[in-house]
Amino acid sequence: MIQRNRNPATAERRLATFHNKVGHRKELIEHPHCLVCGNVELLHNTSLYCGRSIKQPGQARWKANILNLTQHLELFKLSCKKLIEALPLDEIDGNFVRTVKNCILSRSNPTPLSGSLRLAAVSKDVIEGILDLDVAVTRSEDFLLYASGAKLLPGSVPLAHRYGGHQFGYWAGQLGDGRAHLLGQYLNRNGETWELQLKGSGKTPYSRFGDGRAVIRSSVREFLCSEAMHFLGVPTSRAASLIVSEEPVLRDQFYNGNVKTERGAVVLRLAKSWFRFGSLEILAENGEIDLLKKLLNFVIGEHFSWIHSDDPDKYLVFFSTVVTETAQLIAQWISVGFAHGVCNTDNFSLLSVTIDYGPFGFMDSYDPNFVPNSSDDEGRYRIGAQAEVGLFNLEKLLVALSPVLTQGQKKQATIILKGYLDIYQMRLQQLFKDKLGFLGDEEEEEDDHLIVLLLKMMEDTRSDFTMTFRQLSEVSTNQLRSRNFTQMWALEDLSSHKLFSDWLIVYLQRLSRPQSESDLHRQQRMKRVNPRYVLRNWMAESAIRRAEESDFSEVELLHHILSSPFVTQDSAEVAGYAARPPLWADRLKVSCSS
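Residue positions are counted from 1 within each chain, in the order its sequence is given. Reporting in this predicted model follows two pLDDT cut-offs: at least 70 for local features of residues, and 80 or more for side-chain atom pairs to be given and counted; totals over whole chains, interfaces and linings ignore these cut-offs and use all residues. Calculation of side-chain values draws on the structure's entire complement of heavy atoms; hydrogens and water are dropped beforehand.

Draft legend 1. The confidence of the model for the chain, seen in detail. The predictor attaches a confidence to each residue, and that confidence, scored 0 to 100, is pLDDT. On average, the chain scores 89 in pLDDT, and the residues at 70 or more come to 89%. Note on contacts: a residue pair is in contact if any heavy atoms of the two residues lie within 4.5 Å. Low pLDDT (under 50) marks residues 1-67, which in the prediction has 146 contacts with non-local residues, meaning those over four places away or in another chain.

Draft legend 2. Layout of the packing of aromatic side chains. Within 6.5 Å between ring centres, the rings of Phe, Tyr and Trp (the latter by its six-membered ring) count as paired, and their orientation is classed by plane angle as stacked under 30 degrees, edge-to-face over 60, tilted in between. Inspection of every chain in the model, using the stated rule, returns 22 aromatic pairs. The interplanar angle of 55 degrees and the centroid separation of 6.1 Å between the aromatic rings of tryptophan 538 and tyrosine 577 together place this pair among those described as tilted. Taken as a pair, tryptophan 538 in helix α19 (residues 537-547) and tyrosine 577 in the segment after α21 (570-575) lie far apart in primary sequence, 39 residues in all. Accessibility here uses a 1.4 Å probe with only protein chains present; expressed as a share of the type maximum, an area under 20% marks a residue as buried, one over 50% as exposed, and anything in between as partly exposed. Tryptophan 538 gets classed as buried once you look at its relative accessible area, which sits at 2%. Clustering of aromatic rings is evident, with ring pairs tying together Phe277, Trp333, Phe338, Phe348, Tyr357, Phe360 and Phe362. Per the convention used, a helix needs a DSSP run of H or I reaching at least four residues, while a strand needs a run of E reaching at least two, with both numbered from the N terminus.

Draft legend 3. Focus on the packing of helix α7 (residues 277-285) against helix α10 (residues 386-401). Viewed as axis vectors pointing N to C, α7 and α10 meet at an angle of 40 degrees, and their least axial separation amounts to 8 Å. On the basis of the axis angle, α7 is oblique to α10. Note that α7 runs across α10; the crossing there is left-handed. Along the contact surface, α7 presents Phe277, Leu280, Glu281 and Ala284, while α10 presents Asn393, Leu394, Lys396, Leu397, Ala400 and Leu401. In terms of residue class, the contact of α7 with α10 is built from seven nonpolar, one polar and two charged. For helices, the fitted axis covers only the stretch in contact; all axes are lines through C-alpha atoms, and the angles between them, taken along N-to-C directions, range from 0 to 180 degrees. Orientation labels follow simple angle bins: below 35 degrees gives roughly parallel, above 145 gives roughly antiparallel, 65 to 115 gives roughly perpendicular, and whatever is left gives oblique. Crossings are sorted by hand: turned counterclockwise from the far helix by less than a right angle, the near helix makes the crossing left-handed, and turned clockwise it makes it right-handed. Under this grouping Gly is polar, as are all residues other than the nonpolar Ala, Val, Leu, Ile, Met, Phe, Trp, Tyr, Cys and Pro and the charged Asp, Glu, Lys and Arg.

Draft legend 4. Up close: the pattern of salt bridges. Should a side-chain nitrogen of Lys or Arg be within 4 Å of a carboxyl oxygen of Asp or Glu, the pair is scored as a salt bridge. Counted by the stated rule, this structure contains 31 salt bridges. The shortest N-O distance in the salt bridge between arginine 238 and aspartate 125 comes to 2.8 Å. Here arginine 238, found in strand β11 (residues 238-251), pairs with aspartate 125, found in helix α4 (residues 124-129); they are 113 residues apart in sequence, far enough to count as distant. Just as arginine 238 is buried, aspartate 125 falls in that class too. Salt-bridge contacts for arginine 510 lead to aspartate 447; the nearest nitrogen and oxygen are separated by 2.7 Å. Of the two residues, arginine 510 sits in helix α17 (residues 500-511) while aspartate 447 sits in helix α13 (residues 444-461), which places them 63 residues apart along the sequence. As far as burial versus exposure is concerned, arginine 510 and aspartate 447 are alike and both buried.

Given below as structure tokens:
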């Protein structure tokens, strides 16, 4: 049986055992099945971890273009020209806090971290696959300076973005990039434009009462979860690197008066765009309608190219697209047990990708009332309410768009918004049908019943969300019939429910249709959509505790494992990442303090 009670010390011993056990053994890990395009690739890239050679996930394009990777950072160039020419800048320069009007962006230089710098983590997939850089450049002193804000990349004109937002249901006024600096845009060899941003790089005009810094604790979480979500197939911003310093940063983590000194850190993160619902809200709220149109036209032109610039309904089509894609994104969150934690309008991307990782959490036991954020006293952003919160945010987006819509378009937009929950439910149903291995569309009513009853049983028995679905993927139909759940702790928990036997009979009947599919093929299909590993809070906390002592080995281990979350990995099993969560995991708290 798997141990039920573990503590950080035990996890640490397991990691040490893992390092000694594997030595220099090589592994070949298959790239996870892409939930978007369905593609499966073999890995071609080798990197070093803890002194051993490991095959890492990668993109096939790397193999063809490996000789074209940029070897020197001075040859890597950004551009801010398009942003600066299209969008008005703040007429006042300087990082001092102020109310900003009549602009989208403010010039703002990063403030270098004090003390020595150290590269704590790097994503080879981002560095080579998106930025066209040889990962070897990350070992240079220049990279430390560029990726922490101490030195500017060629072509960079650092900018901070002005936006507002509804926070916990109330208009919060001017917010903006309070500790983030947009370095510029990079056009890569695949024709993709990415915006590079530093988080934790110092004060801006939008810092309000903050110090412009981020600490190791929150930065480790942001780095790991951005990358983990990508490999789960969920649209997300990306993280290129994590750099830590010796700069002292004061934080009251749980807002209880217990101020502690932590260390500053900076994440270099990327997105196709950092514009969010609040980017439009601040302009509409302040009556800056010409700027609202200008920003909308820019976003549509850059990221919604199928919408014609001379289409009189372009803003309506834009809104309809955001409604659909937001519904689908939140359905994907639910399908992997992810709760964002702070679903304010300033944290919702106009491109419908997951951004701004703060007090997020992946569910352990299935609980629709799971609240990852200890600052959310009322449970507004509990996992089961995320769809409704998405609707609230879209309502506020429609209010922001109203000044540029005709009366007829406003009525149409209201009708579009009424379809949001149907889009969400349809997408969610399909995701859960895939998770349960169902084929065909003719069994819709029965499938709904099976899904709902399974979730109810999981809630009643506190069955683990991730591992219940994963073990249903791994178990054979013969094992299900005989209820042989040896070493399948999540299914053991689930099978204790009084309705499990009845549910199982109907489930097995459903899996038998169509009869042409083998059980092995069914298992393979299900394992491609049901991860074995997600970034549980206890795993992140274990890595953070080590990182705060300047030991980044578990950050590296988690990054490696979560890059192939659908593939069983010896290193993850040794570390206990698919085992029953330790008892101390229930006592963990995560807050907005970062």
